[in-house]
Amino acid sequence: MTYLQERDDQRTGGVGSAELTQLRRQLRNAIRSGHIAAVDHTGVEIGVPAARVWLDAERLTTQWLPWITPRAADDHVWDPPDLGEHVLVLAPSGDLAAAWILGSVSSAGQAPAERRGGLWLRQQKDGATISYDRHAHQLRVSIPGDILIEAEGSMTLRGRIIDLNP
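Cut-off values and rules
- Residues numbered from 1 in each chain as written.
- Predicted model: local features only at pLDDT ≥ 70, side-chain atom pairs only at ≥ 80, totals over all residues.
- Heavy atoms only, no water.
- Helix = DSSP H or I, 4+ residues; strand = E, 2+ residues; numbered from the N terminus.
- Buried < 20%, exposed > 50% of the residue type's maximum accessible area, 1.4 Å probe, protein only.
- Contact = heavy atoms within 4.5 Å.
- Pairing = 2+ DSSP bridges.
- 1 Å grid on protein atoms, 1.4 Å probe; cavity = no way out; pocket = protein on both sides within 12 Å on 5 of 7 lines; lining within 4 Å.
- Points joined across faces, edges and corners; volume = space filled by probe spheres on them.
- Phe/Tyr/Trp six-rings, centres within 6.5 Å; stacked < 30°, edge-to-face > 60°.
- Lys NZ or Arg CZ within 6 Å of the ring centre and 35° of its normal.
- Lys, Arg positive; Asp, Glu negative; His and termini not counted.
- Salt bridge = Lys/Arg side-chain N within 4 Å of Asp/Glu carboxyl O.

(A) Examining the overall build of the protein chain more closely. Along the protein chain, the regular secondary structure elements total 2 helices and 9 strands. The order of helices and strands in the protein chain, counted from the N terminus, is α-α-β-β-β-β-β-β-β-β-β. Per-residue burial over the protein chain gives 19% buried out of 166 residues. Taking the intrachain contacts of the protein chain between residues at least 6 apart in sequence as the baseline, contacts between residues at least 24 apart amount to 34%.

(B) Local environment of the pairing of strand 1 (residues 31-40). Pairing analysis gives 5 bridges linking strand 1 to strand 5 (residues 86-90), with the strands arranged antiparallel. Residue Ser-33 lies in a different strand from strand 5, and its bridge partner there is Leu-88.

(C) Seen up close, the layout of surface pockets. Its volume calculated, the largest pocket comes out at about 1,200 Å³. What lines the largest pocket is a set of 35 residues, among which Asp-79, Asp-82, Glu-85, Ser-104 and Gln-123 lie closest to the centre. For the lining of the largest pocket, the secondary-structure elements that each account for two or more residues are strand 5, strand 6 (100-104) and strand 7 (119-123). Among the elements that make up the lining of the largest pocket, the one with the highest residue count is strand 7 (5 residues).

(D) Seen up close, the packing of aromatic side chains. By the definition in use, this model includes 1 aromatic pair. Between the aromatic rings of Trp-67 and Trp-78, the centroid separation amounts to 5.8 Å while the plane-to-plane angle is 55°, which identifies the pairing as tilted. A residue pair is termed long-range when its members are at least 10 positions apart, and Trp-67 in the loop between strand 4 (65-66) and strand 5 and Trp-78 in the loop between strand 4 and strand 5 qualify at 11 residues. When the ring centre of Trp-64 is taken as origin, the NZ or CZ atom of Arg-52, which lies over that ring, is 6.0 Å away.

(E) Geometry of the side chain of Glu-85. Here Glu-85 shows up in the loop between strand 4 and strand 5. One buried charged residue, Glu-85, forms no salt bridge at all, with the nearest opposite charge on Arg-122 at 8.7 Å. If near-sequence neighbours (up to four positions away) are discounted, Glu-85 is found in contact with Gly-34, His-35, Ile-36 and Ser-104.

In structure tokens form, the structure reads like this:
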């Protein structure tokens, strides 16, 4: 039979019970902030694409952790994190070995070109952008290279005015 005797600062010099210490560690590890230190795009390391995160406050690198994605079943979204990207790590049980990379954190040094309400923007490092402005009702695609559009069926382009090579 095990009995838990609560400890206090006066009797133990500030050392709490083992259970309380474990609970504090779990709560402290539930959400951590860090930067992507390595990326395994192929899933060789743990069977799924994963990354290692440098945890700034702890000054340590995590094991390989999967990143959370919006879709990963019949439909997929592929958007791996970049090296150095500021991310959050989520460990619901407090065990960093069983954590996930939750997502990116905006930072001043990595701000998008435009920041305003009503704008959806996808901006790539090479300057390619896809945006939709719901106030202007305008979809804009700007690519520094080529565009390939493929269809197994027919393709229709409709508009009040269509300019080809204006």
